[in-house]
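Summary of the model geometry
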Amino acid sequence: MRIPADPQKLARVVELHYEGNPAGVIARTLKLPPRTVSTLITQLGRHPLGAIALNLAERSSRLAWHARVRRSLEQLGAPERKVPRIPRLGRQQFLERYYAQQQPVVLTKMMGDWRALRRWTLPFLKERFGEVPLKIAHQRTSTEFYDLNVHAISESMRLGDFVDWISKVKTSNERYLVANNDGLSSPQLAPLLDDIGFFGGMMDRKRIPGSVYLWLGPGGTITPLHHDTANILFCQVRGRKRFKLVSPLYSELLDDVVSYYSPMDLERPDHARYPFARQLKVLEAEVGPGDALLIPAGYWHHVRSESISLSVSMTNFVFPNDFPDSGSGYG
Ligand SMILES: O=C(O)CCC(=O)C(=O)O
């Protein structure tokens, strides 16, 4: 028998077979002679690796079935597409109703004790910290997977010069100070940490290093569709941002993910390339100064800034928030 020389094609035969497709359909889909496909499948059945593949396929289709059931049941529920906005929640209510249930929520009145809300303006940052060198993502629009490749495209820039650039361009997706640039790990910016709050004991004051991140950029910045591996409290200090969120129940449908990023543009999905895009239940949240959005671990999100924007994201919950997986990611 002629085994397809292309290993990717061979892998697709195995994949389609264990997804339950008949040999004829596989042959047509992959443009292979039907006899090649059926012989391969027979050999696979006899090979010890075939039994292992079958076992893995059954496990993954069981998980996929559970997710499918939950997605169909979800369609029967209320058609609400807006993330709820709640003024305040006690630590236990927040834990039980949202954090433990993986439900996004915007807390609208819990940043009252943040000095940052009053102090952090572009002129303040320039005057107090203008000389501080920071890594800033550059040339985002001309780089594929620019958020995933952030370290490769980041360049050092003085905070004062970055502030001047933002004030000049006002709207651009070219440069952006993102969480992975680790701005707040610079010792010179440490005083800024005195201006943030801890949400009535929901966030852990002692675990600030390495779990509180700064975002600064003009209007028009886009963080493409991705998920993180920890729960995030996304706190908006200046300007407005628009989030689109998709539950991890839909992960199975996003099939060309690289690391934690999907190339699908959630604002304008290419329906020819992503026919499933219409099945996604997309939640919307808009955050402005003083709003804090819970982004549950594994929740897909796409973010656009509507104006010059300054945000802090935090992962230092007092609740368990460490979910190791095979990769790495902020959060
Ligand atoms: O604000 C942004 O541009 C992106 C925020 C985000 O994706 C995150 O915190 O994970």
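Bear in mind the structure is a predicted one, so any value in this text is a computation, not a measurement.

Definitions and limits used
- Residues numbered from 1 in each chain as written.
- Predicted model: local features only at pLDDT ≥ 70, side-chain atom pairs only at ≥ 80, totals over all residues.
- Near = placed C-beta within 6 Å.
- Helix = DSSP H or I, 4+ residues; strand = E, 2+ residues; numbered from the N terminus.
- Nonpolar A, V, L, I, M, F, W, Y, C, P; charged D, E, K, R; others polar.
- Core = buried A, V, L, I, M, F, W, Y, C linked by C-beta atoms within 7 Å.
- Buried ≥ 20, exposed ≤ 12 C-beta atoms within 10 Å, placed from the backbone.
- Contact = placed C-beta atoms within 7 Å.
- Pairing = 2+ DSSP bridges.
- Domains from an automatic or database assignment.

**With respect to the site of the ligand**
Near the ligand there are 13 residues, and of these Trp215, Thr223, Asp228, Val303 and Ser313 occur at the shortest range. Sorting the residues of the shell around the ligand by element identifies strand S7 (232-238), strand S11 (300-305) and strand S12 (309-314) as the ones contributing at least two each. Of the residues in the shell around the ligand, the class split is six nonpolar, five polar and two charged.

**Structural notes on the nonpolar core**
Leu177, Ala292 and Leu293 are the most contacted members of the largest nonpolar core, which has 68 residues in total. Beyond its immediate sequence surroundings of up to four residues, Leu293 is in contact with Val83, Pro104, Val106, Phe234, Phe243, Ala285 and Val287. Judged by nonpolar contacts, the second largest core, of six residues, contains Val13, Ala23, Val37 and Leu40.

**As for the sheet that holds strand S2 (residues 105-107)**
With mixed pairing, the six strands of this open sheet are ordered in space as S1-S2-S10-S7-S12-S5. Every other strand in the sheet has two partners, leaving strand S1 (85-86) and strand S5 (212-217) as the edge strands with one partner each. Judged from the two bridges that link them, S1 and S2 form a sheet pairing that is parallel. Bridge pairing in S2 places Arg85 opposite Val106.

**Side note on the environment of Leu192**
Tracing the backbone shows Leu192 in the loop between helix H9 (159-169) and S5. The spatial distance from the C-alpha of Leu192 to the C-alpha of Pro34 is 66 Å, given a sequence separation of 158 residues.

**Let's talk about the domain arrangement of the protein**
Each assigned domain of the protein is listed with its residue range as follows: domain 1 (7-76) and domain 2 (85-314). Between domain 1 and domain 2, the C-alpha centre-to-centre distance is 38 Å. Contacts between the two partners involve five residues from domain 1, matched on the other side by four residues from domain 2.

**Points about the environment of Thr121**
Position of Thr121 among the secondary structure elements: in the loop between helix H6 (116-119) and helix H7 (122-129). Of the residues examined, Thr121 has 13 C-beta atoms within 10 Å and is grouped as partly exposed. Taking C-alpha positions, Thr121 is 15 Å from Leu177, a pair spaced 56 residues apart along the chain.

**Details of the environment of Ile86**
In this fold, Ile86 is placed in strand S1. Spatially, the C-alpha atoms of Ile86 and Ala51 are 51 Å apart, while their sequence positions differ by 35 residues. In this structure Ile86 touches Val105, Leu107 and Thr108, once residues within four positions along its chain are discounted.

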